[in-house]
Amino acid sequence: MIEFKHVKKAYQDNVVIEDLSLTINDGEFICIIGPSGCGKTTTLKMINRLNKINDGEILIDGENINNIEVNKLRQGIGYVIQQIGLFPNMTVAQNISVVPNLLKWGKEKIERRVKELLKLINMPYDEYAHKYPRELSGGQQQRIGVLRALAANPPIILMDEPFGALDPITRDILQDELKSIHKQLKKTIVFVTHDMDEAVKMADRIIFMESGNILQFATPEELLNKPASPIIKEFLGKISYSHNANDLTCADVMRTKVFTVNRKRKTLECINMMNQRDIGSVIVVDDDDKFMGIVTIETIKEKGVPGALIEEILDRDVKTVLINHNAKDAFDEFYDSKLDYLTVLNRNKTVAGIITKTSMAKALASLVWGENNDS
Amino acid sequence: MALQNLIEHIQLVLISFVFTGIVGLILGIVGYNFKKVRGIILMIVDVLQTIPVLALLGIIMIFFGPTFTTVVIGIVLYSLLPVVRNTIVGLEQIDPAIIEAATGMGMGKFQRLVKVEFPLAFPVIFTGLKIAVVTSIGIGVFGAVVGGGGLGSTINTAIRIQDGSVLFQATLALVIMSLVFDFVMTLVERRLDYNRK
């Protein structure tokens, strides 16, 4: 349990947090959100004493954090930052082992732990453990960043906009992974974000801050249904979609997390990938990421020969819509076509997203909800 | 005779290198960690380099006499600047996010220096060491004037008896020595650079 009791923080004469009290229970996923400069990161960094408080006290499981030796305290709290901050001179395995090493774990125990953690995010030990951070993609780097924080099994993890610098698709995947990690490991996670979508998706409870004060501390549902202040309402407005149904374009109703494969992929690989993600078809793109067509698992089973390239059997004659296309027209086409989804393209023929029944329903629901909220 | 001077010269360079490295690193790390003394340290090593070599050796000779030690001290003082400066620069240019991550994970200052900061700064520091070595080969020549021996003696004698061929050989030896040190250390430098980032 983390407790803030009348905490005050000032930089010289500039008081950023006047009087903050809150309690976070064990195993909770807490998001702190608010406009920039609201004090959310400041608050987070108080917990591992990267920011010293001027008054009041912070207790972890009843013990004042100022009474714990500062490095001991930090070794017992996982910490993930937006800039990732992996050590470039260390391999993936060495990066993950930093805190266990500080805690003087045995060599074998550390290696076992590294293997266990990499398994958690499906990065094979043999392939990745001895790579350097520069050899990994941004998403992979931040996965390691999260593992590094989990390494010594701390009960609390602090995350400062951990996915803020990642592209939307990768962010979405990492959010899902973190959510499942949280479910499995039951850590207390304090997560700073400026993205309301992210907060609603991830949090058990959301702390909404403004000018160093808590405006609301509630579950996502409560926050959405009964925002406690006009500022929160305005902030929520940013995630609801355009309010006039006729103005909606495909961009408003599609989902942007799309799985595409390069035309040079082998058919067998594609089947594996589809099985892994539990999807029935994939979008095939050329070397410039331009849309080529769609391949369904049935087509591969029918026409696929071992070793054949995916571009040889793909269906090029599929319906697509442009991203600025009217959503209602797209909706009609989609319904008539009996396809599972409709591919949305950018003007340069790259894939912008797909419209599925779920993405459509989501967009419409938020439209309805948005109108209710205004009246 | 000439060969003995050559060996002596290499000894001068190598022994000075060890001390330059140790003293330079210590001063650089102190300067990096304590902003208040950084200016003073940099100023001192800077001023040291502006003193003419002969004058500097002369001053040291007052205390240590015309000995090998005098020359080593002279070379060390004279070649500190690139090591100290590169140590500070190398440590300073580390991404602050990396430092924050290290601190936030509970590394103490010393652990952070040994495990993270020093390895990351090392390529830059090494460049400083290379410059120091090559400089010290040239400075070593003045050692003869204060009784330090080395190729400086050979050159001195050759000038006095106007022996062009010995003069040429000694100069060539110095040039080759510089080139070899520079070449080998540049190879290492490239490898370091390739390994990081």
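This structure is a prediction, so every number in the text was calculated from the model and none was measured.

Here we look at the overall build of chain A
Phase 1 of the analysis: Each helix and strand counted, chain A has 16 helices and 16 strands in total.
Phase 2 of the analysis: Summarising its shape, the C-alpha atoms of chain A cover approximately 70 × 60 × 30 Å along the three principal directions.
Phase 3 of the analysis: Among the 375 residues that make up chain A, the fraction classed as buried is 49%.
Phase 4 of the analysis: Considering only contacts in chain A between residues 6 or more positions apart, those separated by 24 or more positions represent 64%.
Phase 5 of the analysis: Here chain A has roughly 18500 Å² of accessible surface; of this, 47% comes from carbon and sulfur atoms.

What to know about the sheet that holds strand E12 (residues 281-285) of chain A
All names here are of chain A.
Phase 1 of the analysis: Taken in spatial order, the three strands line up as E11-E12-E13 in an open sheet, and their pairing is mixed. Each edge of the sheet is formed by a strand with only one pairing partner; in this case those strands are strand E11 (260-262) and strand E13 (291-296). On average, adjacent strands in this sheet sit at an angle of 35 degrees to one another, irrespective of strand direction.
Phase 2 of the analysis: In the sheet, E11 pairs with E12 via three bridges, with the strands oriented parallel. Across the sheet, Val261 pairs through a bridge with Val284, a residue of E12.

Brief notes about the domain arrangement of chain A
Interfaces are frequently sized by the accessible area removed from exposure as the parts join.
Residue and element names in this part refer to chain A.
Phase 1 of the analysis: Domain boundaries in chain A define domain 1 (2-236) and domain 2 (250-369).
Phase 2 of the analysis: Using C-alpha coordinates to define each centre, domain 1 is positioned 35 Å away from domain 2.
Phase 3 of the analysis: Taken together, the contact between domain 1 and domain 2 spans six residues of the former and four residues of the latter.
Phase 4 of the analysis: Both faces considered, domain 1 and domain 2 share a buried interface measuring about 420 Å² in area, 60% of it formed by carbon and sulfur atoms.
Phase 5 of the analysis: Sorting the residues of domain 1 by area buried against domain 2 places Ile169, Asp172 and Leu224 first, and these three jointly supply 63% of that buried surface.

Concerning unusual backbone geometry
All names here are of chain A.
Phase 1 of the analysis: Positioned with a positive phi, Glu161 is a non-glycine residue whose angle comes to about 45 degrees.
Phase 2 of the analysis: Within the secondary structure, Glu161 sits in the loop between strand E7 (156-160) and helix H8 (168-185).
Phase 3 of the analysis: A positive phi angle is found at Asp289, which is not glycine, with a value near 65 degrees.
Phase 4 of the analysis: Position of Asp289 relative to the elements: it lies in the loop between E12 and E13.

Rules and cut-offs
- Residues numbered from 1 in each chain as written.
- Chains lettered and ligands numbered in written order.
- Predicted model: local features only at pLDDT ≥ 70, side-chain atom pairs only at ≥ 80, totals over all residues.
- Heavy atoms only, no water.
- Helix = DSSP H or I, 4+ residues; strand = E, 2+ residues; numbered from the N terminus.
- Buried < 20%, exposed > 50% of the residue type's maximum accessible area, 1.4 Å probe, protein only.
- Contact = heavy atoms within 4.5 Å.
- Areas by Shrake-Rupley, 256 points an atom, 1.4 Å probe, with all protein chains shown as cover.
- Pairing = 2+ DSSP bridges.
- Axes fitted to C-alpha atoms, helices over the stretch in contact; angles between N-to-C directions.
- Domains from an automatic or database assignment.
- Buried area = accessible area lost by both parts, 1.4 Å probe.

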